[in-house]
Amino acid sequence: MNVLVVGNGAREHAIAWKLSQSPSVCHIYVAPGNAGTHFIATNVPIGAEDIAALIDFASNNAIDLTVVGPEAPLAAGIVDSFTASGLPAFGPSQAAARIEGSKSFAKTLMADCSIPTAASETFTDFEQASAYLATCSIPIVIKADGLAAGKGVTVAQTREQAQDAIRESMLDRAFGDAGDHVLIEECLEGQEVSVFAFVDGEYVSPMVAACDYKRVGDDDIGPNTGGMGSFSPPLPHHWNADIEALVRASIMEPVTKGLIDIGCPYRGILYLGMMHTEEGPKVVEFNCRLGDPETQVILPRLKSDLAENLHATAHGQLRDTQIEWDDRACVGVVAASGGYPAAYSTGYPIEGITEIDYEAIVFHAGTKLQDDEIVTAGGRVLTVSALGDTHEQARVRAYDGINRITFKDGFHRTDIAKH
Ligand code: AMP
Ligand code: GLY
């Protein structure tokens, strides 16, 4: 197979890295990729959302499977467009991707399928939303309905904060059309767990779970980011065979069936953002793709052949393929540019990547090659991941790796997987 991976983050580097281990994979292209994917694949200078150019490239280069990393092209219908051109692509259709692209769609679906989730109301009118807010207890969660590049959710600790979030979304239109509809949602308490399954339309594969760290600073201090680190599996009291069985029966299988019933079967990776509450697992959100930085800690644990697994998922043959997860733990730590998630500078040389011990893996995100040198090119620069027999062993290895990598003003959290 010739494979095209769409995206440029550490998630896509990890996908390309895992695919490069598949005997059935002949050549890997990444569009647009980064300095890390350059060394294991051919980078193609096409943006992840330029669907027409990606179709041209796939047609002209005998691509047998296109794997889409980020949500935006999925929500824009990239898989439908590829399919219409006779090109196989991995990921849900535009209709099924609404599970992430429209939070009100996801809420209605969950209500129809009796799936446990936070209570929520959707509003299109600012005054009505504000009047409803006045009746709610605090903390409360305000969400823009559509895709907002990870910035559309406010977990408000005060009424003023909640009111500001509604105003920002509905009146200031900070997220454009994505924020014209707003959800006001009950705040769930508990440990958040990211759960992933391959779904081939009908069948839900064995799941894998991870925890990520969203705040920029140690002890969860500071603003939200795209994710500063992750570990997999979660601790046993938040993820075990009983919880997996419950999640399968009460969430993953009902939602898969619900999507069939409304005429848009889901094929791809289904990502459940789950809150492990005192009342049991509840849905925070669904995403239509792999997570970042979770991918960097789950793919090192995938023992089966990723290319085969993706191919079987896209062709509705998941029952006949084996998806197997390693029992070992994996920890990933993100190195970011000084200032991130606010303004930061780029273009700084990155030292030490070749000093990494064989036990750790470096997945690039915001990096690029400049005159044969790897330099920073984004907020999240790279993830160092490591496997270990225990979380502690994996953590020590990942930190040993990240401490060898330096670039001007770079930083990382020091408490990832420090339980
Ligand atoms: P989302 O953009 O839907 O991924 O939400 C971003 C983050 O906000 C989630 O990962 C949670 O940490 C938090 N969040 C979203 N909804 C809720 C909720 N109902 N209760 C508590 N936290 C939430
Ligand atoms: N780790 C959060 C996300 O990928 O959306």
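For the structure, check the block above.
Residues numbered from 1 in each chain as written. Chains lettered and ligands numbered in written order. Predicted model: local features only at pLDDT ≥ 70, side-chain atom pairs only at ≥ 80, totals over all residues. Heavy atoms only, no water.

S.K.: Run through the overall build of the protein chain, naming residues and quoting values.
M.R.: Looking only at helices and strands, the protein chain features 13 helices and 21 strands. On C-alpha atoms alone, the protein chain measures out to a radius of gyration of 21 Å, which is about the 22 Å that the 2.2 N^0.38 rule sets for 419 residues. Overall, the C-alpha framework of the protein chain stretches about 60 × 45 × 40 Å when taken along its three principal axes. Going through the 419 residues of the protein chain one by one, you find that 56% of them count as buried. Across the protein chain, the fraction of contacts at a sequence separation of at least 24, relative to all contacts at a separation of at least 6, is 68%. Carbon and sulfur atoms form 48% of the exposed surface of the protein chain, whose accessible area is close to 17,200 Å². Side-chain charges of the protein chain comprise 29 positive and 56 negative groups, with the mean position of each set lying 2 Å from the other. (Helix = DSSP H or I, 4+ residues; strand = E, 2+ residues; numbered from the N terminus. Rg over C-alpha atoms; globule rule 2.2 N^0.38 Å. Buried < 20%, exposed > 50% of the residue type's maximum accessible area, 1.4 Å probe, protein only. Contact = heavy atoms within 4.5 Å. Areas by Shrake-Rupley, 256 points an atom, 1.4 Å probe, with all protein chains shown as cover. Lys, Arg positive; Asp, Glu negative; His and termini not counted. Charge placed at Lys NZ, Arg CZ, Asp CG, Glu CD.)

S.K.: Please give an account of empty space enclosed by the protein that cites residues and values.
M.R.: Considering all chains together, one arrives at three cavities of 30 Å³ or more under this definition. The calculated volume of the largest cavity comes to roughly 110 Å³. Lining of the largest cavity is provided by 15 residues; of these, V67, V68, F90, I269 and L290 occupy positions nearest its centre. For the lining of the largest cavity, the secondary structure elements donating two or more residues are strand 4 (65-68), strand 15 (266-277) and helix 12 (306-314). A per-class count over the lining of the largest cavity returns 11 nonpolar, three polar and one charged. Here the second largest cavity defines a volume of roughly 40 Å³. Looking at the second largest cavity, the residues that line it are F196, A197, F198, V208, I269, L290, I298, L299, L306 and W325. Sorting elements by how many residues they give to the lining of the second largest cavity places strand 10 (residues 191-201) first, with three residues. Its residues placed into classes, the lining of the second largest cavity shows 10 nonpolar, no polar and no charged. (1 Å grid on protein atoms, 1.4 Å probe; cavity = no way out; pocket = protein on both sides within 12 Å on 5 of 7 lines; lining within 4 Å. Points joined across faces, edges and corners; volume = space filled by probe spheres on them. Nonpolar A, V, L, I, M, F, W, Y, C, P; charged D, E, K, R; others polar.)

S.K.: Which residues make up the site of ligand 1, and what values do they have?
M.R.: Around ligand 1 lies a shell of 15 residues, among which E185, E186, L188, E192 and E285 are the nearest. E185 places a polar side-chain atom, nitrogen or oxygen, 2.8 Å from a nitrogen atom of ligand 1. Between E192 and ligand 1, the recorded distance is 2.5 Å, taken from a side-chain N or O atom to an oxygen atom. Here ligand 1, which alone exposes 480 Å², has 86% of that area covered by the protein. Listed by contribution, the elements that provide at least two residues to the shell around ligand 1 are strand 7 (140-144), strand 8 (153-156), strand 9 (182-186) and strand 16 (280-287). Of the residues belonging to the shell around ligand 1, the class tally is eight nonpolar, no polar and seven charged. (Near = heavy atom within 4 Å. Polar contact = N/O pair within 3.5 Å; in protein donor to acceptor, adjacent residues only side chain to side chain.)

S.K.: Hey, could you go over the packing of helix 8 (residues 126-133) against helix 9 (residues 159-170) for me, with residue numbers and the actual values?
M.R.: Across the interface, helix 8 lies against helix 9 with an axial gap of 11 Å and an inter-helix angle of 165°. As summarised for this structure, helix 8 and helix 9 are arranged roughly antiparallel, according to the angle between their axes. For helix 8 against helix 9, the interelement crossing comes out right-handed. For the pair helix 8 and helix 9, the contacting residues are F126, A129, S130 and L133 in the first and R159, A162, Q163, I166, R167 and M170 in the second. Grouping the constituent residues of the contact of helix 8 with helix 9 by class yields six nonpolar, two polar and two charged. (Axes fitted to C-alpha atoms, helices over the stretch in contact; angles between N-to-C directions. Parallel < 35°, antiparallel > 145°, perpendicular 65-115°, else oblique. Left-handed = near helix turned anticlockwise from the far one by under 90°.)

S.K.: Give a description of the pattern of salt bridges that names residues and reports values.
M.R.: For the coordinates displayed, the defined rule picks out 20 salt bridges. Notably, a salt bridge pairs K107 with E185, separated by 3.4 Å at the nearest N-O pair. Of this pair, K107 sits in helix 7 (residues 103-112) while E185 sits in strand 9, and the two are 78 residues apart along the sequence. Grouping residues by exposure puts K107 and E185 together as buried. Connected via shared salt-bridge partners are E71, E100 and R289. (Salt bridge = Lys/Arg side-chain N within 4 Å of Asp/Glu carboxyl O.)

S.K.: Just give me the short version of a nonpolar patch on the surface, but keep the residues and values in it.
M.R.: Taken together, the side chains of F39, I40 and L369 make up a nonpolar region of the molecular surface, amounting to roughly 270 Å² of accessible area. Mapped onto the fold, I40 is located in the loop between helix 2 (35-38) and strand 3 (42-43). On the basis of relative accessibility, which here comes to 33%, the residue I40 falls in the partly exposed class. (Patch = residues over 30% accessible without salt bridge, like charges linked within 9 Å, V, L, I, M, F, W, Y side chains within 5 Å.)

S.K.: Lay out the sheet that holds strand 4 with the relevant residues and their values.
M.R.: Spatially, 3-2-1-4-5 is the arrangement adopted by the five strands of the open sheet, whose pairing is parallel. Looking at the sheet topology across the chains shown, the edges are occupied by strand 3 and strand 5 (89-90). By the bridge criterion, two bridges tie strand 2 (residues 27-32) to strand 3 in an arrangement that is parallel. Bridge pairing in strand 3 places Y29 opposite T42. With respect to the sheet, helix 3 (residues 51-60) is in contact with strand 1 (2-7), strand 2 and strand 4, its orientation differing from that of strand 1 by roughly 165°. (Pairing = 2+ DSSP bridges.)

S.K.: Residue-level account of the site of ligand 2, with values.
M.R.: Taken together, D212, Y271, R289, G291, D292 and E294 make up all the residues around ligand 2. Interatomic distance of 3.5 Å between a side-chain N/O atom of Y271 and a nitrogen atom of ligand 2. Partitioned by chemical class, the residues of the shell around ligand 2 number one nonpolar, one polar and four charged.

S.K.: Could you give an account of the state of the cysteines, naming the residues involved and the relevant values?
M.R.: The full count for this structure, using the stated rule, is zero disulfides. Cysteine C136 is unpaired, with the sulfur of C187 as its nearest cysteine sulfur at 12 Å. Between C330, a free cysteine, and C211, which holds the nearest cysteine sulfur, the sulfur-to-sulfur gap is 13 Å. (Disulfide = S-S within 2.5 Å.)

S.K.: Before we move on, can you summarise the sheet that holds strand 6 (residues 120-123) with the specific residues and values?
M.R.: Spatially, four strands are ordered 6-9-7-8 in an open sheet, and the strand pairing comes out antiparallel. The strands lining the two open edges of the sheet, one partner per strand, are strand 6 and strand 8. The mean inter-strand angle of the sheet, taken between neighbouring strand axes irrespective of direction, is 20°. Direction of pairing for strand 6 relative to strand 9: antiparallel, over a ladder of four bridges. Bridging across to strand 9, S120 finds its partner in E185. Those strands touched by helix 7 are strand 6, strand 7, strand 8 and strand 9, and its axis lies near 50° from that of strand 9. Across the sheet, helix 9 lies against strand 6, strand 7, strand 8 and strand 9, angled at about 5° from strand 7, the strand it touches most.

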